[in-house]
Amino acid sequence: MPSKCRQCIIKRFNALKTLTNDELEKFSGHKTSLVIKKGENLMTEGNSINGLYCIKDGKGKLTKLNTNGKEQIIKFVKGGDILGHRSILSEELVGLNAIALEDMHVCFIPKGDILDTIKENNNFSLNLMRNISQQLNEANTSISQMAQKPVKDRLAETLIHLDEIFGVDSEGCIDVVLTREEIANTIGTATESAIRLLSNLKKDGVIDLIGKKIKILSKSALKNISEGY
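Residues numbered from 1 in each chain as written. Predicted model: local features only at pLDDT ≥ 70, side-chain atom pairs only at ≥ 80, totals over all residues. Heavy atoms only, no water.

Looking at an unreviewed UniProt entry, the chain carries the name Crp/Fnr family transcriptional regulator, with the source organism given as Lutibacter holmesii.

See below:
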């Protein structure tokens, strides 16, 4: 049986923590529980959206196709993140693709319930606006880095960021599995270049490569590289 929103511990990580018990009960009665398989789209760029997605567990990537038809990874998401609220508030089509990196369990809350709650609950509205502001700040930082930092620095910055988002697994590796192409699409370079840079970091003793997994051996060295030292 799908869990009740009131009992769901994941809500403490997002704007749903500001809802009253009555509002949570309303969401529980109207939400749909979905399983998004690895590689499937949760949201598709250019489509309309009729609600908000709350990720219960699993990992995903937000991507955009550039003019050459190449995928650019904009952001990574995980359990506790919410998606779709910007399109609901702006009444615009979805601006990014949301794709599962592994099987994801997601709750879909109808747009009407979200808009009603925004009107009635100031804390919920404020929390959503803060979330959007955070995303804009992250986007500004990312654009600045892509324009100014060499690709080696961008790779180091990305590995630190992935470690902060996903933590590490039982082997001490960053707890997300990305292909070399996905890493290249995150830092804005060719796959061959990303492979070479990762090999160089391993050779220098900064990281270890265990299959597709990446283990950071020296965060301080990685931090220095990300800052251009």
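A. Seen up close, the nonpolar core. Judged by nonpolar contacts, the single largest core of 27 residues is most densely connected at Leu159, Ile207 and Leu222. Secondary-structure elements contributing two or more residues to this core are strand 5 (71–78), helix 5 (151–166), helix 6 (180–187), helix 7 (191–203), strand 9 (207–210), strand 10 (213–216) and helix 8 (219–226). Counting residues per element, this core draws most heavily on helix 5, at 7 residues. Counting residues in hydrophobic clusters, the runner-up holds 16 residues, among them Ile55, Leu62, Ala98 and Val106. (Core = buried A, V, L, I, M, F, W, Y, C linked by side-chain atoms within 4.5 Å. Buried < 20%, exposed > 50% of the residue type's maximum accessible area, 1.4 Å probe, protein only. Helix = DSSP H or I, 4+ residues; strand = E, 2+ residues; numbered from the N terminus.)

B. Structural context of the environment of Glu182. Its place among the elements puts Glu182 in helix 6. For Glu182 and Lys61, which are 121 residues apart along the polypeptide, the C-alpha to C-alpha distance reads 9.5 Å. Among residues more than four places away in sequence, those in contact with Glu182 are Lys61, Ile73, Leu101 and Val177. A polar contact is formed between the side chain of Glu182 and the backbone nitrogen of Thr179, at a distance of 2.9 Å. (Contact = heavy atoms within 4.5 Å. Polar contact = N/O pair within 3.5 Å; in protein donor to acceptor, adjacent residues only side chain to side chain.)

C. Up close: empty space enclosed by the protein. Applying the stated criterion to the full structure yields 2 cavities of 30 Å³ or more. Each pocket or cavity is described by its volume, and for the second largest cavity that value is around 60 Å³. What lines the second largest cavity is simply Leu159, Leu162, Ile174, Val176, Leu178, Ile183, Lys212, Lys213 and Ile214. Mapped by element, the contributors of at least two residues to the lining of the second largest cavity are helix 5 and strand 10. Within the lining of the second largest cavity, the residues separate by chemical class into 7 nonpolar, no polar and 2 charged. (1 Å grid on protein atoms, 1.4 Å probe; cavity = no way out; pocket = protein on both sides within 12 Å on 5 of 7 lines; lining within 4 Å. Points joined across faces, edges and corners; volume = space filled by probe spheres on them. Nonpolar A, V, L, I, M, F, W, Y, C, P; charged D, E, K, R; others polar.)

D. A look at the pairing of strand 4 (residues 59–65). Judged by how many residues are buried, strand 4 sits mostly within the fold: 5 of 7 residues are covered. Looking at chain direction, strand 4 and strand 5 are connected through 7 bridges and run antiparallel. Its bridge partner lying in strand 5, Leu65 is registered against Glu71. Hairpin connection, strand 4 to strand 5: the antiparallel pair is bridged by 5 residues, and Gly69 has positive phi, about 80 degrees. By the bridge criterion, 4 bridges tie strand 4 to strand 7 (residues 97–100) in an arrangement that is antiparallel. Each residue of the ladder has a partner; that of Gly60, found in strand 7, is Ala100. (Pairing = 2+ DSSP bridges.)

E. Expanded view of the sheet that holds strand 2 (residues 41–43). What the 4 strands build is an open sheet, ordered 2-7-4-5; its pairing is antiparallel. Edge positions in the sheet fall to strand 2 and strand 5, since each has one partner strand and no second. Here the average twist between neighbouring strands, direction ignored, is 30 degrees. Strands strand 4 and strand 5 of the sheet are contacted by helix 5, whose axis makes an angle of about 30 degrees with strand 5. In the packing of helix 6 onto the sheet, the strands contacted are strand 4 and strand 5, and the crossing angle to strand 5 comes to about 100 degrees. (Axes fitted to C-alpha atoms, helices over the stretch in contact; angles between N-to-C directions.)

F. Geometry of the sheet that holds strand 3 (residues 51–57). Sheet architecture is open: 4 strands sit in the order 1-8-3-6, paired in antiparallel fashion. On the outer flanks of this sheet lie strand 1 (32–36) and strand 6 (82–83), each paired with one strand and no other. With 6 bridges joining them, strand 3 and strand 8 (residues 104–110) adopt antiparallel strand pairing. Paired with Ile55 across the two strands is Val106, which belongs to strand 8. Relative to the sheet, helix 3 (residues 111–120) contacts strand 3 and strand 8, its axis offset from that of strand 8 by approximately 65 degrees.

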